[in-house]
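Structure assessment
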Amino acid sequence: KQWYQRRVRAETVEKFIENLTELLSNWYIGLETDAEWARSIEQSKKYVFSLGFNKDGIYSSRTLTLAKVPVFTGELNSESVRAIWSALSFELLYLTNDDEERYSIQAHPTALRNIVTQTAALPLGYPVFSSGACRLLTF
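Residues numbered from 1 in each chain as written. Predicted model: local features only at pLDDT ≥ 70, side-chain atom pairs only at ≥ 80, totals over all residues. Heavy atoms only, no water.

What about the pairing of strand S3 (residues 59-65)?
Two strands pair when backbone bridges link them, and strand S2 (residues 47-53) and S3 are joined in this way by seven bridges, in the antiparallel orientation. Opposite glycine 52, over in S3, you have serine 60 as the bridge partner. Connecting S2 to the antiparallel partner S3 that follows it, the hairpin turn spans five residues, and glycine 57 within it adopts a positive phi of roughly 85°. (Pairing = 2+ DSSP bridges. Helix = DSSP H or I, 4+ residues; strand = E, 2+ residues; numbered from the N terminus.)

Right, here's the structure in full:
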């Protein structure tokens with residue numbers, strides 16, 4: 001029985017050291033306001049955890065997990081953009097179709113027609129709108 005207990009203790013100590021090593025290398029645990037928080041994000045720590053306390057007496061916590069998120073980028077040919085703007089001006093000025101939800105804007109998702117239409121100068125496009133900083137969450 002004693003040899004078994006020693007073996008279990010040795011395995012437990014090994015597992016504890018393994019978990020502690022993983023914790024130290026992959027995690028940052030601390031305050032969000034610390035410089036180490038920003039450094040941990042810059043160093044691409046896999047997990048960043050913080051506890052906070054605001055002036056209203058409310059505790060909060062935040063956990064960030066490093067993950068790969070696919071981002072698609074592309075480029076539109078300038079001639080395609082001008083062609084969409086030309087069709088838009090024809091439709092609005094000569095055919096007098098001023099319905100904001102008209103099908104022609106949304107008819108070509110692969111040409112990003114809706115976005116290209118919004119970038120046209122007024123009165124064809126939409127007024128410029130800026131929302132400021134946004135927080136995007138991915139799950």
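Some words on the packing of aromatic side chains
Applying the stated criterion to the full structure yields two aromatic pairs. Relative to tyrosine 47, the ring of tryptophan 27 has its centre 4.6 Å away and its plane inclined at 20°; by these criteria the two rings are stacked. Taken together, the residues span a long stretch of sequence, with tryptophan 27 in strand S1 (residues 27-30) and tyrosine 47 in strand S2 at a distance of 20 residues. The class of tryptophan 27 is partly exposed, set by a relative accessible area of 26%. Measuring from centroid to centroid gives 6.3 Å for tyrosine 28 and tryptophan 37, while their planes differ by 75°, and the two rings are edge-to-face. (Phe/Tyr/Trp six-rings, centres within 6.5 Å; stacked < 30°, edge-to-face > 60°. Buried < 20%, exposed > 50% of the residue type's maximum accessible area, 1.4 Å probe, protein only.)

Re the side chain of serine 50
Along the chain, serine 50 falls in strand S2. At 3.4 Å, the side chain of serine 50 forms a polar contact with the side chain of glutamate 32. Other than its neighbours up to four places away in sequence, serine 50 contacts Gly30, Leu31, Glu32, Trp37, Ser60, Ser61 and Arg62. (Polar contact = N/O pair within 3.5 Å; in protein donor to acceptor, adjacent residues only side chain to side chain. Contact = heavy atoms within 4.5 Å.)

A word on unusual backbone geometry
Backbone geometry places serine 44, a non-glycine residue, at a positive phi of 60°. Of note, serine 44 is situated in the loop between helix H2 (35-42) and S2.

Overview of the sheet that holds S1
Strand order across the open sheet formed by three strands is S1-S2-S3, with mixed pairing between neighbours. Of all the strands in the sheet, the pair left with one neighbour each is S1 and S3. Within this sheet the neighbouring strands show an average axis-to-axis angle of 10°, counted without direction. In this structure, S1 lies alongside S2, joined through four bridges in parallel fashion. Within the sheet, the bridge partner assigned to tyrosine 28 lies in S2 and is valine 48. (Axes fitted to C-alpha atoms, helices over the stretch in contact; angles between N-to-C directions.)

Some points on the environment of tyrosine 47
Residue classification places tyrosine 47 among the partly exposed positions, given a relative accessible area of 21%. As for tyrosine 47 and threonine 65, which are separated by 18 residues in sequence, their C-alpha atoms are 4.8 Å apart. Excluding residues within four positions of it along the chain, tyrosine 47 makes contact with Glu22, Asn26, Trp27, Tyr28, Leu64 and Thr65.

Regarding the side chain of serine 40
Checked against the element boundaries, serine 40 lands in helix H2. A residue is classified by how much of its surface remains accessible, and serine 40, at 0% relative accessible area, is buried. With residues near it in sequence (within four places) discarded, serine 40 still touches Tyr28, Lys45 and Val48.

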